[in-house]
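Descriptive structure summary
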Amino acid sequence: MSLFSSLGSLLTTMAGGLDPLFGASAAAAAIVLFTLCVRAVLHPLARAAVRGEKARAALAPKLTELSRKHKGDPERLRRAMAELQAKEGASPLAGCLPALAQLPVFFVMYHVFSTGSGAGDLLDHTLAGAPLGNRWGGALSGAPGLVYLGLFALIAAVATWTYLRARRTTVPGAPGVVRALPLLSFGTLVTAAVVPLAAALYLATSTTWTAVERALLHRG
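Residues numbered from 1 in each chain as written. Predicted model: local features only at pLDDT ≥ 70, side-chain atom pairs only at ≥ 80, totals over all residues. Heavy atoms only, no water.

Structural notes on the overall build of the protein chain
For the record, the criterion: Each helix corresponds to a stretch of at least 4 residues labelled H or I by DSSP, and each strand to a stretch of at least 2 residues labelled E; elements are numbered beginning at the N terminus. With a 1.4 Å probe rolled over the protein chains alone, any residue whose accessible area is under 20% of its type maximum counts as buried; one over 50% counts as exposed, and the rest are partly exposed. Surface exposure here means Shrake-Rupley accessible area, sampled with a 1.4 Å probe, where a residue is shielded only by the protein chains that are shown.
Scanning the protein chain from N- to C-terminus turns up nine helices and two strands. Starting at the N terminus and ending at the C terminus, the protein chain contains elements arranged as α-α-α-α-α-β-β-α-α-α-α. Here the protein chain holds 220 residues, and the buried ones make up 39% of them. Carbon and sulfur atoms form 67% of the exposed surface of the protein chain, whose accessible area is close to 11500 Å².

Section: the packing of aromatic side chains
Threshold: Here a pair means two rings of Phe, Tyr or Trp (six-membered ring of Trp) with centres within 6.5 Å. Their orientation is stacked below 30 degrees between planes, edge-to-face above 60, and tilted elsewhere.
In this structure the tally under the stated criterion is two aromatic pairs. An angle of 50° between the planes, with centres 6.2 Å apart, marks the rings of tyrosine 148 and phenylalanine 152 as tilted. Within this pair, tyrosine 148 and its partner phenylalanine 152 are both found in helix H6 (residues 142-169), separated by four residues, close to a single helical turn. Note on accessibility: tyrosine 148 and phenylalanine 152 belong to one class, buried.

Topic: helix H1 (residues 3-22)
Quick note on the threshold: Take the residue count of a helix, subtract one, and multiply by 1.5 Å to get its expected span. Consider a residue and the seven residues that end there alongside the seven that start there; fitting an axis to each set, the bend is the angle between those axes.
Across its 20 residues, H1 extends 26 Å between first and last C-alpha, which sits within 8% of the 28 Å expected from 1.5 Å per residue. Along its length, H1 shows its largest kink, about 35°, at glycine 16, and proline proline 20 lies within four residues downstream of that point. Three or more residues of H1 are buried, namely Leu7, Gly8, Leu11, Met14, Ala15 and Leu18. One or two steps after H1, the chain reaches glycine 23, where phi turns positive at roughly 60°.

Here we look at the UniProt feature "transmembrane region" (unreviewed entry) in the protein chain
Going by this rule: UniProt positions are given in the numbering used here, feature names are shortened, and annotations may be inferred rather than shown by experiment.
Here the UniProt-annotated "transmembrane region" (unreviewed entry) positions come out as residues 25-46, 93-113, 145-164 and 176-204. End C-alpha atoms of residues 25-46 are separated by 30 Å, and the span's content is 91% helix alongside 0% strand. Taken end to end, residues 145-164 is 100% helix and 0% strand, and its two terminal C-alpha atoms sit 28 Å from one another.

With respect to the packing of H1 against helix H2 (residues 26-41)
Just so we agree on the cut-off: Orientation is described by axes fitted as lines to C-alpha atoms, over the contacting stretch for helices, and by angles from 0 to 180 degrees between their N-to-C directions. Handedness of each helix crossing follows the sense of rotation of the near helix against the far helix: counterclockwise by less than a right angle gives left-handed, clockwise gives right-handed. Contacts were defined at the residue level, with two residues in contact if any of their heavy atoms lie within 4.5 Å. Throughout, the ten residues Ala, Val, Leu, Ile, Met, Phe, Trp, Tyr, Cys and Pro are labelled nonpolar, Asp, Glu, Lys and Arg are labelled charged, and all others, Gly among them, are labelled polar.
Packing of H1 against H2 brings their axes to within 7 Å, and their N-to-C directions diverge by 115°. Here the hand of the crossing between H1 and H2 comes out right-handed. Residues Leu7, Leu10, Leu11, Met14, Ala15, Leu18, Asp19 and Phe22 of H1 lie in contact with H2, whose contacting residues are Ala26, Ala27, Ala29, Ala30, Ile31, Leu33 and Phe34. Its residues placed into classes, the contact of H1 with H2 shows 14 nonpolar, no polar and one charged.

Topic: the pattern of salt bridges
The line we're drawing: Put simply, a salt bridge is a Lys or Arg side-chain nitrogen that is within 4 Å of an Asp or Glu carboxyl oxygen.
Under the counting rule described, the total for this entry stands at one salt bridge. Glutamate 213 is the partner of arginine 39 in a salt bridge, and the nearest nitrogen-oxygen pair spans 3.3 Å. Taken together, the residues arginine 39 in helix H2 and glutamate 213 in helix H9 (residues 197-219) connect sequence positions 174 residues apart. In this structure glutamate 213 comes out as buried when scored by relative accessible area, which is 6%.

Some thoughts on unusual backbone geometry
The phi dihedral of alanine 128 falls on the positive side, at around 55°, and the residue is not glycine. Here alanine 128 is to be found in the loop between strand S1 (126-127) and strand S2 (130-131). A relative accessible area of 47% places alanine 128 in the partly exposed class.

Some thoughts on the environment of alanine 153
Looking at the secondary structure, you find alanine 153 in helix H6. Residue alanine 153 is classed as partly exposed on the basis of its relative accessible area, which comes to 46%. Measuring from C-alpha to C-alpha, the distance between alanine 153 and leucine 189 comes to 9.2 Å, with 36 residues separating the pair along the chain.

With respect to the environment of alanine 15
Summarising the element assignment, alanine 15 is placed in helix H1. Taking the C-alpha atoms as reference points, alanine 15 and serine 25, separated by ten residues in sequence, lie 8.5 Å from one another. Not counting chain neighbours up to four residues away, the residues in contact with alanine 15 comprise Ala26, Ala27 and Ala30.

Here you go:
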């Protein structure tokens, strides 16, 4: 059995178990539950990412001083910052670990719902009237349109919160790639607009989990 068929069979089984509670939207509920399970498994990576973020925050005064000291020498500044971060174990890309670990899962789900390979009858299921295998372009009116509008509104709100929070924690003088990372939060919104509803539902659930998870971990 291929990986795609395995995912399709798993989601079908989960949808069958959720059918008494969610009816026609059982498959959508199964995708949300599956996403939550994936994120729970990846929680240790999120904790490691937050530890890295806190370590970078603790280094902020030293990094600011380096920026002031090597203001006229960008190359020397880059080396000095890299050496300090390596010494303190504060990688500027540590926060990307959970997202990178999710990519294989998202690819499999995208393939299943884009091609129908291994999906069985899942493509016939809906979320409040919007087919899980369809994209937003063909459903801009009626109940399906409201489903996409609500999904986009949720992803946009989470992306904005993530962007503003990331900008506040970006160290002055950080490399360009690090300063650009907060903008990646809006990439989820663009992706959701071009993938099938099932994959967009995965993205919305995962990004919401990330926002809540980071908020709680940073409070600890």
